[in-house]
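What follows is each chain in one-letter form.
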Amino acid sequence: MEKVQEENETERWERPEEITESERSIIKESWARVYANCEEVGVSILIRFFVNFPKAKQYFSQFKDMEDPLEMERSVQLRKHGLRVVGAVNSVVENLGDPEKVTTVLAIVGKSHAVRHKVDPVFFKILTGVMLEVIAEDLAKDFTPEMQLAWSKLRSHIYCHIQETYKEVGWTQYPSNSV
C-alpha cells in the first residue's frame, strides 16, 4: 500500500491534475484576499520556510546567518524577496486561464534559480507547501476542502513547471534527497 501511495505521489508531481474552471475561480478569489496583505504574507512564508528548513538559507547571503525570526521579519532584503515570491505567485494566479503565460512566468523563475542561484529544485516543492500552510492559516475556517484541493493542484503545477525548466537547462544535481 505504501509503495502504491509513493508511486501516486510521484505521478501527481510529474503530471499534475488539470485545474478546472471552478477551481481557478476558487484560487483567484482566495488569492485576492491573501494578496491584499502581500508583504506580510511573503514575510510569513519565508520566515516559516527558513525556520523549518534552515538549509534553504544557504542560497541567501544577506540572511543566511539569521536565526531569529524577529530579525528576519525586520530584514529589508527578506521583505523584498517575500514580495518577489508572492508577486510571482500573483502572476501565475492572474494568468491561470493562459497556460503559455503561466509557463513563461515559471520558466523565468526556474531558470534564474537553476542557472544563476543554483537552488536545489526540491526547495520549490517545500516552499509551495509552506505557502499552502500560510494561505490556509490566513483564510482560517474559509479554507474549505475544495479550496485545499484547488491550491494543491496549483502547487503541483508550479512545481512541475519549475522542475521542467530545471531539466531544460541541464540541472545535473537533480533530483535531490539532501533536505
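As the structure is a computational prediction, the values presented were derived from the model and not from experiment.

Q: With reference to specific residues and values, describe helix α7 (residues 122-139).
A: Between the first and last C-alpha of α7 there are 26 Å, a value that for 18 residues agrees with the 26 Å anticipated at 1.5 Å per step. Ala140 sits one or two positions beyond α7 and adopts a positive phi of about 50°.

Q: Explain the side chain of Lys153 residue by residue, including any values.
A: With respect to the helices and strands, Lys153 occurs in helix α8 (residues 145-168). Take Lys153: its relative accessible area is 8%, and that puts it in the buried class. Setting aside residues up to four positions removed in sequence, Lys153 forms contacts with Glu17, Glu18, Ile19, Thr20 and Glu23.

Q: Requested: an account of the nonpolar core, with residues and values cited.
A: Nonpolar side chains tend toward joint burial in soluble globular proteins. Core analysis: the biggest nonpolar cluster contains 50 residues, and Phe49, Phe50, Trp151 and Leu154 have the highest contact counts within it. The dominant element in this core, judged by the number of residues it contributes, is α7, at 11 residues. Beyond its immediate stretch of four places on either side in the chain, Phe49 contacts Pro54, Ala56, Phe123, Ile126, Leu127 and Val130.

Q: Pulling in residues and values, what's your account of the environment of Val85?
A: Tracing the chain through its elements places Val85 in helix α5 (residues 76-94). Not counting the four nearest positions on each side in its chain, Val85 is found in contact with Leu46 and Leu127.

Q: For the pattern of salt bridges, give the residues involved together with the corresponding values.
A: Counted according to the given criterion, the structure contains 10 salt bridges. As a salt-bridge pair, Arg24 and Glu21 come within 2.7 Å of each other at their nearest N and O atoms. Of the two residues, Arg24 and Glu21 both sit in helix α2 (residues 21-35), 3 residues apart, roughly one turn of that helix. Here Glu21 falls in the exposed class, since its relative accessible area comes to 53%. The salt bridge partner of Glu133 is Arg48, with a shortest N-O separation of 3.2 Å. Pair noted here: Glu133 is in helix α7 and Arg48 is in helix α3 (residues 38-52), with a separation of 85 residues, a long-range link. The class of Arg48 is partly exposed, set by a relative accessible area of 22%. Through salt bridges with shared partners, a single network forms among Glu17, Glu23 and Lys153.

Cut-offs and rules
- Residues numbered from 1 in each chain as written.
- Predicted model: local features only at pLDDT ≥ 70, side-chain atom pairs only at ≥ 80, totals over all residues.
- Heavy atoms only, no water.
- Helix = DSSP H or I, 4+ residues; strand = E, 2+ residues; numbered from the N terminus.
- Expected span 1.5 Å × (residues − 1).
- Buried < 20%, exposed > 50% of the residue type's maximum accessible area, 1.4 Å probe, protein only.
- Contact = heavy atoms within 4.5 Å.
- Core = buried A, V, L, I, M, F, W, Y, C linked by side-chain atoms within 4.5 Å.
- Salt bridge = Lys/Arg side-chain N within 4 Å of Asp/Glu carboxyl O.

The quantities given are spatial measurements derived from coordinates; they are silent on function.
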